Structures are given as C-alpha cells and as structure tokens.
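A structural walkthrough
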Amino acid sequence: MMRKLFWEDAYVKEFDATVTSVEGNQVVLDQTAFNPRGGGLVGDIGTLNGVKVLDTIKAGADSIAHVLETTGSLVVGNSVHGVLDWNRRHRIMRMHTSAHLLSAIFHKATSALITGNQIEPDKSRIDFSLDDFDREKMLVYCSQANEAIAKDPPVKTYFMKREEALKIPGITKLASVMPPYFEDLRIFEIEGYDLQADGGVHVKNLGEVGKIEPLKFENKGKSNRRMYFTIP
Ligand SMILES: [Zn+2]
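A short tour of the structure in this document, coming up. Everything numeric in this text was worked out from a predicted model, so none of it was measured.

For the chain, the count of helices and strands is four helices and 15 strands. Taking 17 Å as the expected radius of gyration for a compact globule of 232 residues, we find that the chain reaches 18 Å, a close match to that expectation. Projecting the C-alpha coordinates of the chain onto the three principal axes gives extents of approximately 55 × 40 × 35 Å. Evaluated residue by residue, the chain yields a buried proportion of 47% over its 232 residues. Sequence separation of at least 24 residues holds for 65% of the intrachain contacts in the chain that already meet a minimum separation of 6. Positive and negative side-chain charges in the chain, numbering 29 and 31 respectively, have mean positions lying 5 Å apart.

Quick look at the coordination of the zinc ion now. Distances from the zinc ion to its protein donors, namely His96 (NE2), His100 (NE2) and Asp198 (OD), fall within the range 2.0 to 2.1 Å. One chain supplies every donor for the zinc ion, spaced along it as H-x3-H-x97-D. With His100 in helix H2 (residues 86-110) and Asp198 in the loop between strand S13 (194-197) and strand S14 (213-219), the pair connects residues that are 98 residues apart, well separated along the chain. When its relative accessible area of 15% is taken as the criterion, Asp198 is described as buried.

As a further point, take the pattern of salt bridges. Tallied over the full model, the rule gives eleven salt bridges. Two residues, Arg3 and Glu8, come together in a salt bridge whose shortest N-O distance is 2.8 Å. Here Arg3 falls in the partly exposed class, since its relative accessible area comes to 42%. Across the salt bridge formed by Asp62 and Lys4, the nearest N and O atoms sit 2.7 Å from each other. Of this pair, Asp62 sits in the loop between strand S6 (51-58) and strand S7 (64-68) while Lys4 sits in strand S1 (residues 3-4), and the two are 58 residues apart along the sequence. Classification of Asp62 by relative accessible area gives partly exposed; the value is 22%.

Here we come to the layout of surface pockets. Vacant regions in the atomic arrangement are exposed by a probe of water-molecule size rolled over the atoms. Considering only enclosed or pocket space, the second largest pocket measures out at about 160 Å³ in volume. A per-class count over the lining of the second largest pocket returns seven nonpolar, two polar and five charged.

Turning our attention to the sheet that holds S13. Here three strands make up an open sheet; going across it, the order is S11-S12-S13 and the pairing antiparallel. Single-partner strands in this sheet number two, and they are strand S11 (155-161) and S13. Averaged over all neighbouring strand pairs, the angle between strand axes comes to 25°, with direction disregarded. For strand S12 (residues 184-190) and S13, the ladder comprises four bridges, and the chain directions are antiparallel. Along S13, the bridge assignment pairs Ile187 with Ala197. Where H2 meets the sheet, it contacts S11, S12 and S13, and its direction lies at approximately 80° from that of S12.

The rules we used
- Residues numbered from 1 in each chain as written.
- Predicted model: local features only at pLDDT ≥ 70, side-chain atom pairs only at ≥ 80, totals over all residues.
- Heavy atoms only, no water.
- Helix = DSSP H or I, 4+ residues; strand = E, 2+ residues; numbered from the N terminus.
- Rg over C-alpha atoms; globule rule 2.2 N^0.38 Å.
- Buried < 20%, exposed > 50% of the residue type's maximum accessible area, 1.4 Å probe, protein only.
- Contact = heavy atoms within 4.5 Å.
- Lys, Arg positive; Asp, Glu negative; His and termini not counted.
- Charge placed at Lys NZ, Arg CZ, Asp CG, Glu CD.
- Donors = N, O, S within 2.8 Å, 3.2 Å for Na, K, Ca; no water.
- Salt bridge = Lys/Arg side-chain N within 4 Å of Asp/Glu carboxyl O.
- 1 Å grid on protein atoms, 1.4 Å probe; cavity = no way out; pocket = protein on both sides within 12 Å on 5 of 7 lines; lining within 4 Å.
- Points joined across faces, edges and corners; volume = space filled by probe spheres on them.
- Nonpolar A, V, L, I, M, F, W, Y, C, P; charged D, E, K, R; others polar.
- Pairing = 2+ DSSP bridges.
- Axes fitted to C-alpha atoms, helices over the stretch in contact; angles between N-to-C directions.

Put into structure tokens, the structure is as follows:
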C-alpha cells in the first residue's frame, strides 16, 4: 500500500521516496506528499529530483501517479526527492477547508446538498441543490462562515470504522457520491461545524483560512445554485 504522507501530515512540503513504477511520463513512488486530483480538488504540482510534476492523479484503487514533464532516466528503485509547490498547495488547503465550512453552514440553514465543487488555488466554486435563490441570504451565510473562521476552531482528521461513521447523520452531504468502499473512513471535522468522510487536504485551524470572499452567485436551473468564492 502506498503511504500517503499528506494524510499523516498535510504540511509536509518535501520528502524522499523510492520509485516503484514508471509508465510513460507517470511515476509511482512508495510514498508521497503530493495530493492527487479528485473530489473536486486539483492535483498538486512541484518537482521530483528537480523535474517538474505537472499534475498528480489517482492510478488504480490505492496508488498515486506523478505526471512528470519528462521521466528522463528514472527507473524503478531510484531514490527521488519531492518538493511541493507549497504556496499553491496551501491555498488549496485553505480553499478546501472553506468549501467544507460553507457547505456545512448552507446545509444547516437550508438542508441544501452539495451537487458539485471545484477547488482551485485562485477561485473555487460549490454547487448546491437548493430551491430558493436568494443572494441576500447567501451573503448572510458567507458572513456566518467568516464569523466561524474568526473563532478559529480546530480542524481534525482521523479514521473511523465505516459502519460507525455511516451512523452519523449528515456524514456525507454530497448528493450523489458516497465515500468509496474502505473498511476505515477518513473523517474530517471542523469542531462544532462540520463532520464529513473526506480524503482531501485541509488546514489545521479554521483561522488559517483567513477570510472567505464571495465572488458570484449563479442560478443554474430549477434547483441548482452555484457560488464562486476566493480567499484574499
Ligand atoms: Zn472535502
């Protein structure tokens, strides 16, 4: 099983690893701090032995491939040193944590489910299934999110037995996507606000998000609402 350093500590910026597979321009390692694209998050970029990592993607059930600009002479068994583009990755962690907070606050106020999201370093979006389209109310929810950030509650991740986790109401607010089948589910919690099954990268304290700035609200059909936001 590939070791996911980003699950053990999302703040690992550099690491050493051993190449376990090279296919085309995709390299798999025995362990990595690069978080793969998925769940609405973009994949990490950075370098492996100084060569650009253009994207990080899931490769099979439990493997992660680094898409390199060129694999050059890399072969299985080589040692590599990985370095994340940390500024970008930290923004993704802040954005992702923000998206959870917003989803939790919208859900609490309206029972809205999340039908989609795209977390990017500069601008992110969340889609809600919500009958009402009331900009004023949505702005109020954003202010509530910023009040929560100012309180700076801890953010925790831990593992829980799947059957125990699925007993928790609202454990997945995603409308269509249930967590994939694993015996243990990785749980993400913003103390007092949100608890989700989630495999993504987050900040340790909500205060680290700084501030959520709503950019645009869109009406995307009968009950689909879209919100764009950023973190200045
Ligand atoms: Zn998430």
